[in-house]
Amino acid sequence: MRALNKKLVELFPKDIYNSIFNGSNELYLEVNSREILKICTYVDTELGCPLVSMFANDERQLHHKFAVYYVFADKNRSGLLTLKTMVSEEEMTIQSICNEIPAAALYEREIKDLFGIIPKGHPALKELIFHGNWPEGKYPLRKDFDTRKKVHMINKKKEFVEVKGEGVYEIPVGPVHAGIIEPGHFRFSVAGEPILHLEAQLHYVHKGIEKMCEGESIEKCLYISERISGDESFTNSLAYCQAVEKIVGVNVPTRAKYIRVVFAELERLTSHLGDLGGICLDVAYGFGAFQFRAMRAWAYLIADELCGMRFLRSVNRLGGVRKDFIVGKEKSLIEQLNKIRTELKDTAGILKAHSLFIDRVENTGVLSAGIAADLNAVGPPGRASGRHYDVRKSYPYEAYTDLDFDISEHNNGDVNCRVNVKIEECFESIDLIINAIEAMPEGKVREKTDSVEPHRFAFGITEAPRGENIHWVMTGEDNTVFRYKIRTPSFCNWPALCHAVKGNIVPDFPLINKSFNLSYAGNDL
Amino acid sequence: MQILKMVRKIIQYPRLTQNYPDKSRLRVDRFVGKPVIDISKCTRCGECASRCPSRAIVLNRESNDIGINYDECIYCMLCEEVCQTRAAKMTNDFEFAEKNRNRLRKSPLPEDSGVSEVSHEELCNKLERNIKKTLGRSLYIREVDSGSCNGCDYEINGMNNPLNDIERFGIHFVASPRHADMLLVTGTAVRNMQNALLKTFNATPDPKVVVAVGACACSGGIFRDCYAANSGIDSLVPVDLYIPGCPPRPQAIMYGILKVLDRIKG
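Calculation rules
- Residues numbered from 1 in each chain as written.
- Chains lettered and ligands numbered in written order.
- Predicted model: local features only at pLDDT ≥ 70, side-chain atom pairs only at ≥ 80, totals over all residues.
- Heavy atoms only, no water.
- Core = buried A, V, L, I, M, F, W, Y, C linked by side-chain atoms within 4.5 Å.
- Buried < 20%, exposed > 50% of the residue type's maximum accessible area, 1.4 Å probe, protein only.
- Helix = DSSP H or I, 4+ residues; strand = E, 2+ residues; numbered from the N terminus.
- Contact = heavy atoms within 4.5 Å.
- Phe/Tyr/Trp six-rings, centres within 6.5 Å; stacked < 30°, edge-to-face > 60°.
- Lys NZ or Arg CZ within 6 Å of the ring centre and 35° of its normal.
- pLDDT = per-residue confidence, 0-100.
- 1 Å grid on protein atoms, 1.4 Å probe; cavity = no way out; pocket = protein on both sides within 12 Å on 5 of 7 lines; lining within 4 Å.
- Points joined across faces, edges and corners; volume = space filled by probe spheres on them.
- Nonpolar A, V, L, I, M, F, W, Y, C, P; charged D, E, K, R; others polar.
- Buried area = accessible area lost by both parts, 1.4 Å probe.
- Salt bridge = Lys/Arg side-chain N within 4 Å of Asp/Glu carboxyl O.
- Polar contact = N/O pair within 3.5 Å; in protein donor to acceptor, adjacent residues only side chain to side chain.
- Domains from an automatic or database assignment.

A. A look at the nonpolar core. Phe263, Tyr285 and Phe357 of chain A are the most contacted members of the largest nonpolar core, which totals 112 residues. At 13 residues, helix H8 (residues 254-282) of chain A tops the list of elements feeding residues into this core. Excluding residues within four positions of it along the chain, Phe263 of chain A makes contact with Phe234, Leu306, Cys307, Leu312, Val315 and Phe325 of chain A. By size, the runner-up hydrophobic cluster in this structure holds 68 residues, among which are Cys48, Ile74, Ala189 and Phe201 of chain B.

B. Representation of the packing of aromatic side chains within the structure. Residue and element names in this part refer to chain A. The final tally for this structure, using the stated rule, is 31 aromatic pairs over all chains. Taking 6.4 Å as the distance between ring centres and 85° as the angle between the ring planes, the aromatic pair formed by Phe66 and Phe115 counts as edge-to-face. Of this pair, Phe66 sits in strand E4 (residues 65-74) while Phe115 sits in helix H4 (residues 104-115), placing them 49 residues apart in sequence. Note on Phe115: relative accessible area 1%, which makes it buried. Of the aromatic side chains, those joined through ring pairs into one cluster are Tyr28, Phe55, Tyr69, Phe457, Phe459 and Trp472. Seen from the ring of Phe482, Lys143 lies directly overhead, with NZ or CZ sitting 3.9 Å from the centre. Over the aromatic face of Phe160 sits the side chain of Arg187, whose NZ or CZ is 3.8 Å from the ring centroid.

C. Geometry of the confidence of the model for chain B. Residues and elements named next belong to chain B. For chain B, per-residue confidence averages 84 on the pLDDT scale, and 88% of positions sit at 70 or higher. Across chain B, element-level confidence peaks in strand E7 (residues 182-186) with a mean pLDDT of 92 and bottoms out in helix H4 (residues 117-135) with 60. ipTM for the predicted complex: 0.90, alongside a pTM of 0.92.

D. Structural context of empty space enclosed by the protein. Residue and element names in this part refer to chain B. Taken as a whole and assessed by the stated rule, the structure comprises 10 cavities of 30 Å³ or more. The computed volume of the largest cavity comes to approximately 230 Å³. Around the largest cavity, the lining is made up of 19 residues, and of these Val32, Cys246, Pro247, Pro248 and Arg249 lie nearest the centre. Here the lining of the largest cavity is built from residues that sort into 11 nonpolar, three polar and five charged.

E. The interface of chain B and chain A, seen in detail. Every contact between the two is made by 61 residues of chain B and, on the other side, 75 residues of chain A. Buried surface at the junction of chain B and chain A, both sides included, amounts to about 5800 Å², of which 57% is carbon and sulfur. A per-residue breakdown of the area chain B buries against chain A is headed by Arg191, Asn192 and Tyr227 of chain B, which together make up 16% of the total. The tally of links between chain B and chain A comes to nine salt bridges. As a salt-bridge pair, Arg317 of chain A and Glu81 of chain B come within 2.7 Å of each other at their nearest N and O atoms. For the pair chain B and chain A, the interface holds 40 residue pairs in polar contact (both at pLDDT 80 or more). Counting only elements with at least two residues in the side of chain B that touches chain A, the list comes to helix H1 (2-12), helix H3 (78-82), strand E5 (139-145), helix H5 (151-158) and helix H6 (194-203) of chain B. Partitioned by chemical class, the residues of the side of chain B that touches chain A number 33 nonpolar, 13 polar and 15 charged.

F. View of the domain arrangement of chain B. Residue and element names in this part refer to chain B. Here chain B is described as being made up of domain 1 (35-90) and domain 2 (101-260). Taken together, the 15 residues of domain 1 in the interface contact 15 residues of domain 2. Across the domain 1/domain 2 interface, buried area totals approximately 1300 Å², and carbon plus sulfur atoms make up 50% of it. Counting the surface domain 1 buries against domain 2, the share from its top three residues, Asp71, Glu72 and Ile74, is 44%. Between domain 1 and domain 2 we count six salt bridges in total. Glu72 is paired through a salt bridge with Arg105; the nearest N and O atoms lie 3.0 Å apart. Counting every contact that joins domain 1 to domain 2 gives 11 residue pairs in polar contact (both at pLDDT 80 or more). At four residues, strand E3 (residues 65-68) tops the list of elements feeding residues into the side of domain 1 that touches domain 2. Its residues placed into classes, the side of domain 1 that touches domain 2 shows eight nonpolar, three polar and four charged.

So this is what it looks like as structure tokens:
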């Protein structure tokens, strides 16, 4: 990271005010807010580091200004480069970078809604978080906003992108859907059968998690992080734990690192089996759906046996895990995993040879490599579109450095590729769990964590079942959280989904949607 | 050949269904159920009450009494972990859905909070009779997520898997509220979903039953102080049954549904 810092300081000597190294892989550069576009574009295009997160922070208590952070992933060096600019209260604007870096578009809208900082030059500044029911002039993530106070509802008209032309019509769907899924509103502009445009209005389940964490104890926020997105409970709490453990400077015992791998992979296995079942159901292939559902139920039985919690909650604790969940259960675990592997192998064989199934999934919902790169698509959808990136390899955490595994590689970007990525990852997860159980050393599973110093910050980065998951924690006084920024993989992949459905017929939308399997709760927060 | 392989798979296993409410095929000993506090062992030190993430533990210094509001509890096991005298303990009991929210609580809600005991019980009984009369033994359910973390939704989905197979009771999930007899509502009725929840409720024909699934729907759970969240769905729609849990396991939801239909006495 020092080489990167030197290079950037040489290139922009006047515009970089300050460099801070945080731990081994985090570099923070305070930069001139007027030149932010130039520097961001250079980092994104010339250095090839994609924008992975962007957030604001009300730091008026510290230095009377708001701060905006632009986070870039330097995957080759396993580092995170953060550019920080200051915004004064009189100004309250930033220069929009989304014309050069499309991935920034949603972050900038989010910052506008939650902080009232206007991104100048943004082409489509539609309200993102609130659907015309939020009064103007109130910004929930500013420190002077009281989270316990309920804000009155207003009624503004909602606007959607209009596609004009002969025979073009709109299909509004949701927020309450036909299946047992989360709420979101989809507006299709359609000519005949093919979809011309899809606008997804999300944030229906926006609760205000980030605001709620502010001022709460470090311990309580762990439980909140487990409830960001139900089926990603473990990986979200792991990212939070990593960030806090980095700030405290505690070394997690080796056995706990292996136990964390076991749970992280079990969560991935469960999630992928559920997706595959859903995909089969959406192409009306009942046999496949029930096979995968049964396998998923078996995976939940493993979770029950290990910790009694089907969603792997209350497993992580700051400094390790709650107790030794694995000891004495190794044999039964490996037996059950082998049973799932055999069943998965047979089912995948039947599935891939089933022409009706292949007919529906092949060349359906293609996410092109170019769009995937522009929008920073992560996880299985990214890997199915030629982005061979996995946090477990690029930013190895816990015991992944010591374990051998492969990342699946596919390039067509259609539903079929995403199915293949998920099937391959299921096998990989089973192997990883078994290897981790076998390689696990004896020892304690939890290190005591002391109190944290105020106004320290760090990232936690994990590979969730849905992809790269980045959390940023800044501590406050008395062991509290000052700011908790959550960026789940779903936030990156939703815009990618809207592009992938274009040109497909409306009845294929549920199938494409299921193959992405995005979390609404993780996106809306 | 393909079809032969499929048939072989289908007949490979004997029946997978676990047959709940019969518990002989369930490993109940592995379940994490509700926590209980043994009053005789408890020293009233207040450690659990002050650290409880969802502030569900009620410690009354005046009457020297302690207890748990199960509608607010998120079943995180922290009370068991921090208790010095081992008074707080997790049990395996997962079947404790109630028709009245106050029966889940240590500190009862005030009368005017929309939870009035008599009318709800009566309403519920009447609806049950109506449903039985009009629908026989089948029930159609529409699920509404009003702002959950999606944990409860996955567990509701889990009721359809081969192990639980809720359809053996004649209970089906339908695509539209207009076809439904029961609304299964998860989440805290967040700001952006309030309108949609009310519209769904109004679109469901009478007689209808509303069931709150999970801590968020029962009381707001850990999120009840968020600016966009709400303290439970009963501030918006009348609720006939509360299923606590974070999330409640599929069997716990089945227990609740069967209880509201009076197929389980309790």
